Each structure stands twice: as structure tokens, then as C-alpha cells.
Amino acid sequence: MLDWRLVFSAVALGVTSLAACGSPDVLFGTTSSSVGVGGSATPCPSGQESCDGVCVDVRYDPAHCGACGNECKTGQVCSEAVCAVQCSGGTTKCEVDGQGLRCIDTNVDPAHCGGCNKACGADESCVFGACAVKCFGGTTVCMVPKPAEPGTGGAGGGAGGAGGVGGAGTGGGGGAAPADMVAVCVDTQLDAKHCGGCGVACPEGQSCQAGACVIECVGGSTKCLTLDAQEVCADLSLDPDFCGDCSTKCASGQACQNGKCVTACAGESTKCQDAFMKDICVNTKNDAKHCGGCGKGCAAGLVCANGACSLDCAGGATKCNNTCTKLATDPMNCGQCGKICGGANATAFCAASMCDIKCNASFGDCNANKVDGCEARLDTVQNCGGCGNVCGAGSGCKNGDCVPLEVTQLAASGHTCALLNDGNVKCWGDNLSGQLGLGDAVNRGDGPNEMGSALPVVNLGTGKRATSIAAGGSHTCALLTDNSVKCWGRNANGQLGQGDTATRGDEANEMGDKLLALALGLGKTVKLLATGENHGCAILNDDTVKCWGSNAFGQLGLGDVAARGDNANEMGAALPIVALGTGKTAKALALGDAHSCAILNDNTVKCWGGNGDGQLGLGDKANRGDGANEMGDALPVVSLGVGKTAKAIVARGNHTCALLSNGTVKCWGSNAFGQLGQGDSAERGDGPNEMGDSLLPIDLGLGLDGKLVLAGNNFTCAVVQGDQVKCWGWNTAGQLGQGDTMARGDALGEMADALLPIDLGTGRTAKSLAVGLLHACALLDNGAVKCWGGSAAGQLGLGDTQSRGDGLGEMGDALPAVSVY
């Protein structure tokens, strides 16, 4: 403490004024001389002060820290004229419960574990600065290597230097735990890896009992003591040092057999007894009467070799893997034991000790190398029907013959797919989710040199070809020639039917044989396939219907909202059949964004799923199929009018259309853009008295009926008499093909003859049609494909992202055909 009397005495003696000292250090006597008691000056060395007549360094003296008489507290040191806590031995300064700084061992203190005030739980202790389980029941905390992470090596060396830890308490410091160690509770009385203490491991073959390592005998052996009192495990039936019991040692030249000392046989021979109970020495490696042991005789026809009975092959046969075989003809041992004949896509055989193969159908050994089998498919344009038979440009291979390629079907969503007459599939456009099936997520058709021969076919698997295709929101499905179904692309809702939500087709090695066909039940095959935005349905070979994928609105028709196909054990026999009513089966299907429709065997229509816009055509907005007792006979048929039945049904988004038996077209559901073709934007089917005869057929023009109708995203298209195409509804990207972006069908005077057919080119007509989200494509009478509308992802297949049909001069002969092959 500063003695102000000394200061006043110094002033009285004429010491330089405080203001002249230039530093407050003068008050604490840190100048080169100090004022002593009674005002007498005591000269001290530089850096020291005179306290009670003694020169001290007030910067470091704990009794005079900063000033004479300013004594530091216990546990403090004086550093730079300031009393401070100083910790040693690996301890850390911590503020403890308002009592000031204290030195804490944060390696073991549970209230400051790993750092000040980092308290462990009531059931934890502190081990090497980390909270660990507190051990009870006589167990002890020990540090052990962390388990190795998958794909990594084991932990490094041992902990080393760790303080002992016992019970609920802790041992000494020991430093921080190594990063590759972890604390566990062990019973050091019984644990062979920590016997009597942490890290004290018993030798192999010993166990821990009462904290001490003891030998443990297994396999019928007995614990005996040697002459030097060492414990050993002995087989009393064979050990000459402990024969029969621990105290009997056989004499020199004797062996122990069955617990008795007997005369030993020389070399590899063993003492056995013959049929007259007379001792004999035999070699149990080759003696057929004692093969592998006394009295173990081989059966007739077998010989003893290396102590095991084996075949005695005759007639030119050779023993291979304990089997007699003819090396000249055995494809598993051709010419020598273990030489296996084989090869992919072939039947292997052995002739004159040489391997040969017979190729399976549609495969050939084009490289003349029998080792890799029949490596070449003979249904490709490179080897069509035979090795080296190359089909020319624009040709495909069908049934082993080169044929001119043709498009037989189109399917569209945000992407476009074409089915060719050789059964191959090609897709272009949006590929964010791998819906093009090309093993990546790169769009096709939006840049030059991506179409035609540069566009790969979808790999459906060895020998697999498609008979029809369907495009969902961001996924694609194909019905194959064996009546199985494969789907690829987006799978967030299980729409691929694989029992998971993993996307397929966006990475390598996901297509071809790696892509599994949908499991729909034992013996069940598919007759007709349909896809919605995120779900799919199929008519099976027994005319029943099964649906899978998203089900938030009951669109699977199973009386709940649980998705199917996104988890294991939901497909196959576990996938229920959609109840359509007593005696009712399905002839056709149509799927929208969240609803499904079917034409039944009596040509009536039933729809289920989401109904917010009346797309089910039931005169209300109530969903069907998302609750119990809503399907089957309880599900009403859609009223199409007196005597009217459906020939075809289509759906997209939230509207549905039917081609009726008299050739007229009726649509219901959402109508914001005039997609129902009624000259207004009012929904139909969401209220009473809007269906049946009250729902007027769409006026397609004088004398024109529909031959084919397709639903797009808020627009609709039809092929009418003369194979002309008319489209109405939303037109933001020119998808109506009218050279502008004006909607049609949402106002009076826009339908009938006012709605012009789409100009497909001079003399060109449409054989079939596909309608996507913002575009449409037509298969023309000359086999060409033309697409119009939006092309942001290249779905028009014209090598750019430019829309067609939204401006003048873009349709007709100015609209290029798509280069498909």
C-alpha cells in the first residue's frame, strides 16, 4: 500500500514536484532512488527502491509489489509491479464462484473440464479435458483407441503418459487426451485388455481374473504345472509330459496315446491296432484302413491320400476337386483341373481338351476371342445380324435386318422422347434429373451437333427394346418388349418404383442392366403404361391397375396419402390393386399432375386424386382416393352425357379431356387460359349441373371431329379430320403454333373455324402428336418430326433455345424438322 506520508515528506524535503516527475511511477518508488523512512534518502541500484532501509525491486518483489508494503496474496506473484495469480503444473487461471482467480487443472476438474466454467454433467467425470461417462459398479475409466472410421486405418499408438483414472474420481493430470483416444468404463478385475489397471493387457491365451492374468485352457486341454511351477495347458490324451494326468511323464522313446504311455513309432508312422488288437505302426497319410487316424478306413473305391479318403479314378478319368472327370470334355476342368471354360453371352463347352463357346441369340464373337465370350450384340447398326454387318446412315437394326429408321411414337413434358421402329429410344431437352437416360444431367438439343447421330440411344439393357414410352414431369418410362417397365429420372416421390428416392440416369452406370424393371407382382406384366407429374400407373396383364409414386392427393387410389415405391417392400405383391368397382377393369389410363383417370371395360370413365379445379368431373372439389370408402363402387363414373361413352382419355396439369364415341371432344377441370375450349375461363366439373349434357363438346370447326386429343400444361391439342392439328389454351411460348402468344379458347369467337389449323408445311399432315409443358411435337405423314413452342432446355431439338410459333414466319416450311437419327 502506498504510504502518502512518505510522499508529503518528500515534498517537504524539496524533492522535485510530482508534476516534474513525468510519470506516475514516482508515486510507487520505481525511480533509481527512493525516499526512506523519516525522509532520509537511501541510494539503491537502478530499478530498485528503498523499503524500510532495504533496496527491493518493487516490479517483482511479492512483499513490496508496485510500492513498499504492498504484499501479494498467497498464490500470487509480482509481475511488472502487479500482483497476479500464476499457475503451474499444467493448471489454468479461472474465476471461481466470485472468489477471484484460482489455478484449476482443466484436465480433471469436472467444473472446469477443458476450460474455465465448462462444467460436466452430474453423471460425468472429466478425463483429459473432456467430459466422459462416470463409471460405477467398480469399473474404471480407461483411454482406448477410437474405432477406425470406415475406409481408414486403425488408430495410432497408445495414449502414453495418461494419469490413472478410477471409479467416479480421477487420477493425476497427464495432459490432454490424444485425438485418437476415447474414454470408456472397464472392469479391471475381468477385462483382459486392462487387467489390474488401464492398458495392462494379458498375453494371448490368458484371461483376467480378480485383476490378474491367468492362463485359460480350451479345447479339452487341462491346466498343469511344470517343474518350475509355470502353468501350461496340456492335452492329457496326447502330451507325453502330462499323459493321463498332470503328474505322469512318459519315458524317453514313448508317446502318449489316449492318455497312456506307449511305445512310439518311428518317422511319420503312428501306432494303431490291427484286427487282432495287435499294436502296429502305420502311416495314416496313405493307409486306407487307418486314413487320417487309427481305424478310419476308406470306403470301397476310395484311396487314402494325405490323410483323406478320395476317389480312385479309372477309365481315363482324372480326379479334380475330389471328383473324377474327363479332362477332354469337362468345361469346368478342360485339359487340366480347374481350367473353366466360359465367356459372356455364350454357352461354353470343352472339346478335345480345348474350350469353345456357342453364342447366345443376338450375340456374336466378333473379336474371335473365346476368353471374353460373345462380346458383340448383333442387333446394333455396327453388327446387324452378323459381325461387321454395318447399317447405313439413317438405318436401324431390327430382328437382325437393317431397316430405314422411323419414329413410331413421341412423348413430351419438359423434354421430348421418340420411340424408333427398331425399339430404341432417343430423348432430348431438359435433363436436370437425368430424364434423358444418358448418364449425366446435361441438356441435349439446345446447342449445335447434339442431335441426329450425335444423340445416343437410351441404354435399356442387354437385348432390351421398347414398345411404348411415356414422359412424366421430370422422369421417363418405357414399356419393353418383354412387357416389363423401366423408369429413369427424378425419383423424389418413388415414381421410378425402385423402393427408394434416388435419381436414376443422371450418372454413369445407372442405366442398362443396372436399371431394374418395376416389380409389380409375381407373374404380372404390363399391357399399358401412363405417367403423371410425379406418379405412374399401369394396366396389368389381368386388366387390373396398379399405381406408384406421389400420393399427396390420393392419386394412387389406395384410400390414403402415403407414397408408394419410395421405400423398400412397397412394390410387387405389396402394392395394392386400385379398386375400380365390382366387375370393373381398365382399358385406358390418363394421369395429370395429381389425379388419375381410367376408361373402364364398359367404356365409362372414373377419375380419382386431386380435385381442386373439378378435374375429376364429379360436380364438386372434393378429392377422391385419399380416404377410406372412396374407391370401388363408391367412386362415381364421370357423366359425359346421355348415351355418351369414351374412346380415349387424356389429362395434364389440372384438366381432363375425353374423345367420345361420336367423335366429339369434351374437357373439364381448370380453365384459366381457355384450355377447355368453351370461349371463357370458367372451370367445369367443380359444381353441380356442369357435366353430362350440360358440358358442351368443343367446337373444332364445321364438320370437324376429333381423331386424337392431347392435354398439355394448361393447353389442349387435337388431330381432326384431314389429319390437321388444332391447339387452344395457354400460349405464352407459342405452343398453339399461331405465330403469336395470345391464348385461344378463353373468349367467344376464338374456337370453331376461327381457330386455324397449325401450318406444318406444304402438304404436310400429322400422324400422331405429343404435348408437353410448353411445347408440342407432331409426327408427320412423311415420317418427319416437327416441334414448336418453348425451347429453353432444347426440347424442340433444333440446336438452340429459341421458341418457335410465337412469331410470324416461324411455322410451316420455315419450321425445321427435328434430326432424330
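Residues numbered from 1 in each chain as written. Predicted model: local features only at pLDDT ≥ 70, side-chain atom pairs only at ≥ 80, totals over all residues. Heavy atoms only, no water.

Participant: Help me understand the overall build of the protein chain, please; the structure alone is not making it clear to me.
Facilitator: When helices and strands are counted, the protein chain shows 2 helices and 51 strands. For a compact globule of 821 residues, the expected C-alpha radius of gyration is about 28 Å, and the protein chain comes in at 46 Å, more than 25% above that figure. With the principal axes as the frame, the protein chain shows a C-alpha extent of 130 × 125 × 55 Å. For the protein chain, the residues scored as buried account for 42% of the 821 residues in total. Excluding contacts between residues fewer than 6 apart, the proportion of contacts in the protein chain whose partners are at least 24 apart in sequence is 40%. With the model as given, the accessible surface of the protein chain reaches about 37800 Å², and the carbon-plus-sulfur share is 52%. Considering the protein chain, the positive charge centre built from 53 side chains and the negative charge centre built from 81 side chains are found 9 Å apart. (Helix = DSSP H or I, 4+ residues; strand = E, 2+ residues; numbered from the N terminus. Rg over C-alpha atoms; globule rule 2.2 N^0.38 Å. Buried < 20%, exposed > 50% of the residue type's maximum accessible area, 1.4 Å probe, protein only. Contact = heavy atoms within 4.5 Å. Areas by Shrake-Rupley, 256 points an atom, 1.4 Å probe, with all protein chains shown as cover. Lys, Arg positive; Asp, Glu negative; His and termini not counted. Charge placed at Lys NZ, Arg CZ, Asp CG, Glu CD.)

Participant: Any chance you could explain the sheet that holds strand S49 (residues 766–771) here in plain terms?
Facilitator: Two pairing modes exist for strands in a sheet, parallel and antiparallel, and in both the strands are linked by backbone hydrogen bonds. The 3 strands lie next to each other as S49-S50-S51, forming an open sheet whose pairing is antiparallel. If you trace the sheet from one side to the other, it starts and ends with S49 and strand S51 (785–789), each paired once. Averaged over all pairs of adjacent strands, the angle between their axes in this sheet comes to 20 degrees, without regard to strand direction. In this sheet, S51 lies alongside strand S50 (residues 775–780) in antiparallel orientation, the contact comprising 5 bridges. The partner of Cys777 across the bridge, within S51, is Cys787. (Pairing = 2+ DSSP bridges. Axes fitted to C-alpha atoms, helices over the stretch in contact; angles between N-to-C directions.)

Participant: It is not clear to me how the side chain of Gln795 should be interpreted in this structure. Could you clarify?
Facilitator: Assignment of secondary structure puts Gln795 in the segment after S51. Looking at Gln795, its side chain comes within polar contact range of the main-chain nitrogen of Ala792, at 3.5 Å. (Polar contact = N/O pair within 3.5 Å; in protein donor to acceptor, adjacent residues only side chain to side chain.)

Participant: Just checking my understanding: could you explain the packing of aromatic side chains for this structure?
Facilitator: Centre-to-centre distance and the angle between the planes together describe a pair of aromatic rings. Taken as a whole and judged by the stated rule, the model has 1 aromatic pair. Aromatic pair Phe673 and Trp730: ring centres 5.2 Å apart, planes at 35 degrees, arrangement tilted. Here Phe673 is found in the loop between strand S45 (665–669) and strand S46 (706–711), whereas its partner Trp730 is found in the loop between strand S48 (724–729) and S49, with 57 residues between them in sequence. Residue Phe673 is classed as partly exposed on the basis of its relative accessible area, which comes to 29%. For Trp730, a relative accessible area of 22% corresponds to the partly exposed category. (Phe/Tyr/Trp six-rings, centres within 6.5 Å; stacked < 30°, edge-to-face > 60°.)

Participant: Just to check I follow, could you spell out the environment of Val85 for this structure?
Facilitator: Its place among the elements puts Val85 in strand S6 (residues 82–85). Separated by 18 residues in the primary sequence, Val85 and Cys103 have C-alpha atoms spaced 7.7 Å apart.

Participant: Sorry, what's going on with the sheet that holds strand S43 (residues 646–652) here?
Facilitator: In space, the 3 strands of this open sheet follow the order S43-S44-S45, with antiparallel pairing throughout. The open sheet terminates on both sides in strands that have one partner only, identified here as S43 and S45. Pairwise comparison of adjacent strand axes, ignoring direction, gives a mean angle of 20 degrees for this sheet. Bridge count between S43 and strand S44 (residues 655–660): 6 bridges; the pairing is antiparallel. Its bridge partner lying in S44, Ile649 is registered against Ala658.

Participant: Help me out: how do you make sense of the pattern of salt bridges in this one?
Facilitator: When the charged atoms of two side chains lie near each other, side chains of opposite charge can form a pair. Inspection of every chain in the model, using the stated rule, returns 19 salt bridges. The partner of Asp379 in a salt bridge is Arg465, and the shortest N-O contact between them spans 3.3 Å. Taken as a pair, Asp379 in the loop between strand S28 (376–377) and strand S29 (395–398) and Arg465 in the loop between strand S33 (425–429) and strand S34 (466–471) lie far apart in primary sequence, 86 residues in all. Of the two residues, Asp379 and Arg465, both sit in the buried class. A salt bridge links Lys621 to Glu683, with the nearest nitrogen and oxygen atoms 3.9 Å apart. On the criterion of sequence distance, the pair formed by Lys621 in the loop between strand S42 (605–609) and S43 and Glu683 in the loop between S45 and S46 is long-range, its members being 62 residues apart. (Salt bridge = Lys/Arg side-chain N within 4 Å of Asp/Glu carboxyl O.)

Participant: Looking at this structure, I do not really get the state of the cysteines. What am I missing?
Facilitator: By definition, a disulfide is the covalent link that joins the sulfur atoms of two cysteine residues. This structure, assessed with the given rule, holds 34 disulfides. Note that Cys291 is cross-linked by a disulfide to Cys304, the S-S spacing being 2.1 Å. Where Cys291 bonds to Cys304 through sulfur, the torsion about that S-S bond is close to 85 degrees, and the disulfide is right-handed. Highlighted residues: Cys291 in the loop between strand S20 (279–282) and strand S21 (302–305) and Cys304 in strand S21, separated in sequence by 13 residues. Like Cys291, the residue Cys304 is buried in the burial classification. A sulfur-sulfur separation of 1.9 Å characterises the disulfide bridge that pairs Cys359 with Cys374. Its torsion about the S-S bond being -90 degrees, the disulfide of Cys359 and Cys374 is classed as left-handed. Residue Cys359 is located in strand S26 (residues 354–359), and its partner Cys374 is located in the loop between strand S27 (363–364) and S28; the two are separated by 15 residues in the primary sequence. (Disulfide = S-S within 2.5 Å.)

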